[in-house]
Amino acid sequence: MEQQHSQESLLSQIEELRFQLDEAHETIDAIRTGQVDALIVKDGSGHQLYTLKTADQTYRVFIEKMSEGAVTINKQGIILYCNTRFAIMADTPLEHTIGQPLVSFVPEKSKAQLEHIIKDSWTNECRAEIILKDGGGKDMQCLFSCNTIELDNGIALSIIITDLTLLKNTESALQARNAELFEAHAATEKLNNSLEDTVRQRTHDLVISREHFKLLTNNIDQMTWTNLPTGEFISYNQRWFDYTGLTADDEHEINWEMLVHPDDLAPTLEKYTHSLATGEMFEIENRYKRHDGVYRWHLNRAKPLLNDAGDIIFWVGTATNIEEQRKEMERKDEFIGIASHELKTPLTSLKGYLQLIAGYKKEELPPVVKQYITKALGSINKLQSLINDLLDVSKIKAGRLQYAITDVDITDMVSQCIENARHINPGYTFNLSLQPGFIVQGNQERLEQVLMNLLNNAVKYSPHNKEIEVAAVQQNDKVRVAVTDHGIGLSSDQKSKVFERFYRVEDRHNMTSGLGMGLYISQEIIRNHNGAIGVESEPGVGSTFYFVLPLV
Ligand code: ADP
C-alpha cells in the first residue's frame, strides 16, 4: 500500500518536473526572443527578480534572427550563450551547445587553429576561416569573427560565425567561369591575331595587286578603263590621258561619248547599253578623237568582273589602236580587188580555149585528152568561183555589189538548189519541207548563191551524219529558209564571228578548205534584200543557218 503511494507520488513529481521543464523552455524562448523583460526565479533563498535591460532585449531579438551563428564563450572556451542559428549550423540541439567547449564543434584538424585564434582574440579583434563540423560530420567552411565583450560577471568573447559554403561555392563557380572566360578570351585574342594577320596579308596582297594592275595598265599599249555596273566611269589609265590630252583632274567631268567619232557613236552606244543590260561582253570597232583632233580606229572590248553570287562588280575595258591594221586591211582589200580582177580575164580566156579544144570536131580527141580537159575545166570552175567570191568581197567593201531585182519564186529556187546539191553530193540526204508560192523581190542568182553556200557548208561541216533538212516556211509577212545539219556545230563565240570577213573556225580536224568569205558575202546579199541572216548551233550537235526575206 505504501509502495503504491510512493509510486504515485513519484509519478506526480515527474509530472511536476516535466511541467517545470516546459515552463523553463518557454521562459528561455521568451527571453531569447525578447518577449519578457523580467523574470522571477525561485531559489533556495526565496524568489529573485531578474530584469533585463531594454537594449539587451533589442540585441537578443536581433541576434536570434541573424543568419550568422553567434556564440559567447568564457575564458575557458566554454559556450555561455549561442543563438539558434549556431545550433542549426552545428546540427546540435540548443541545450547541448551551452556549457560545451567551442573547440568540440570543430574537426580535429582545425582545433589548434581555433585555440590559437581564441587566445589572440582576448587581446585583439581576430578573424579567421575555420572549419566547423556539423552534426552530420560534414565540414563547413566558416568565418570566425571574435570580439571581447564586458559582461556583469566579467569579460567574455563574442564570436560571430558566418557560413562560407555558399560564398565558397559561388567563388569556385566564379573561378571556373573566370577560367572559362580567360580561355575564351585567349581563344578570341588568338583568332583576332590571326584575323589581323590575314587582314594585313590581304591588304598587302591587295595593295600589291592594285599596284600591279596600275603598273600593268599604265605600261601597256592600250587605253584601259573601269566603270560601274551602271555605266559610270571609275578610272582611266595613263595612256588614255596621254591619247585624249585630258588630265586626271578632268576625269569626273569627262563625257567619253564626245570622244567617239559622230558616225560611230550610235552603234557604240547601242552595243554598250546592250552589254550593260545583259552583262554580255562589249566589243566594237570605232574611232576616238586624239588630243590633236585626229580620229584613230580602236578595237573596244569590255568584260564584267563578277562576284561569287554572279553579280557584276565593275567592268574592265580596253581600247586597242587598230589604225595600222585597218590600213593594212584596206591595202589587202585593194590588192585582192586588183589581183582577182587581173586573174579573172586570163582565166576566162583559159576556160574559153579549153572549151574550144573540148569541142574540136575535125578529128577525134584521144579519150585521155578528153579526160584531162574535163578535169582542167573542173579546176578552172573552182578557181573562177573563188575569184568571183574575192571580187564580191571587193565590191562589197567598195559598196558596189549591185544586181538586177525581179520577183523570185523562193519555192522553185530552193527546189532547184536542192537538186543541184543532191547532184554534187550524192552521199548526202536532203529532206525538204516546202510550201509553194513564196515570192520575194530580189536577184535570183544572188539568192541562189546564198542558199548554195549554206548547203555546201552543211555538207562540209557534217562529215558523219549525212542527213540535211531544208525548210521554207512563212513567218508573218516573211519567208524563212533554213538549212539544218547534224555536224560539228559552233560555240557561241564562234557563232558571233562566222559572218565576219575571212573568219574561219580553227580547223583542228583539218576537214575543209575555204577562205571564210561565203557567209560574209551571204550576209551582205541578204542585208541588201532587206532581210536577215542568222545561225542557231550547238557544238557537236549541229547547226541551223537561216535567212529571212520579206514576201511580196
Ligand atoms: P568557208 O569558205 O571557210 O566555209 P564561210 O564564210 O562559208 O567560209 O564559213 C565561215 C566559217 O564558219 C567556216 O570556216 C566554218 O568554220 C564555219 N561554218 C560555216 N557553216 C558551218 C556549219 N554548217 N557547221 C559548222 N561550221 C560552219
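Everything numeric here is computed off the predicted structure, so don't read it as measured data. (Residues numbered from 1 in each chain as written. Predicted model: local features only at pLDDT ≥ 70, side-chain atom pairs only at ≥ 80, totals over all residues. Heavy atoms only, no water.)

As a further point, take the UniProt feature "domain: PAC" (unreviewed entry) in the protein. The positions that UniProt labels "domain: PAC" (unreviewed entry) are, in the present scheme, residues 282-334. Note that residues 282-334 is 23% helix and 57% strand, and that its end C-alpha atoms are spaced 30 Å apart. (UniProt positions renumbered as here; feature names shortened; annotations may be inferred. Helix = DSSP H or I, 4+ residues; strand = E, 2+ residues; numbered from the N terminus.)

To continue, consider the sheet that holds strand β5 (residues 126-133). If you walk across this open sheet you meet the five strands as β4-β3-β7-β6-β5, and the pairing is antiparallel. Each edge of the open sheet carries a strand with a single partner, namely β4 (79-82) and β5. Neighbouring strand axes in the sheet, compared pairwise and without regard to direction, differ in orientation by 30° on average. The pairing of strand β6 (residues 139-151) with strand β7 (residues 154-163) spans 10 bridges and is antiparallel. (Pairing = 2+ DSSP bridges. Axes fitted to C-alpha atoms, helices over the stretch in contact; angles between N-to-C directions.)

The description of an aromatic ring pair rests on the distance of the ring centres and on the angle between the ring planes. Across all of its chains, the model carries 10 aromatic pairs by this definition. Look at Phe 499 and Phe 545: their rings are 6.2 Å apart centre to centre, the planes differ by 70°, and that puts the pair in the edge-to-face class. With Phe 499 in the loop between α12 (492-495) and α13 (518-528) and Phe 545 in strand β19 (residues 542-550), the pair connects residues that are 46 residues apart, well separated along the chain. Like Phe 499, the residue Phe 545 is buried in the burial classification. (Phe/Tyr/Trp six-rings, centres within 6.5 Å; stacked < 30°, edge-to-face > 60°. Buried < 20%, exposed > 50% of the residue type's maximum accessible area, 1.4 Å probe, protein only.)

The next point concerns the pattern of salt bridges. One pass over the structure, following the stated rule, counts 21 salt bridges. Taking the shortest distance from any N to any O, the salt bridge between Arg 290 and Asp 292 comes out at 2.7 Å. Of the charged contacts in the structure, one is a salt bridge between Asp 333 and Arg 501, with a shortest N-O distance of 2.5 Å. With Asp 333 in helix α8 (residues 323-358) and Arg 501 in the loop between α12 and α13, the pair connects residues that are 168 residues apart, well separated along the chain. In this structure, a network of salt bridges that share partners links the residues Glu 129, Lys 168 and Glu 171. (Salt bridge = Lys/Arg side-chain N within 4 Å of Asp/Glu carboxyl O.)

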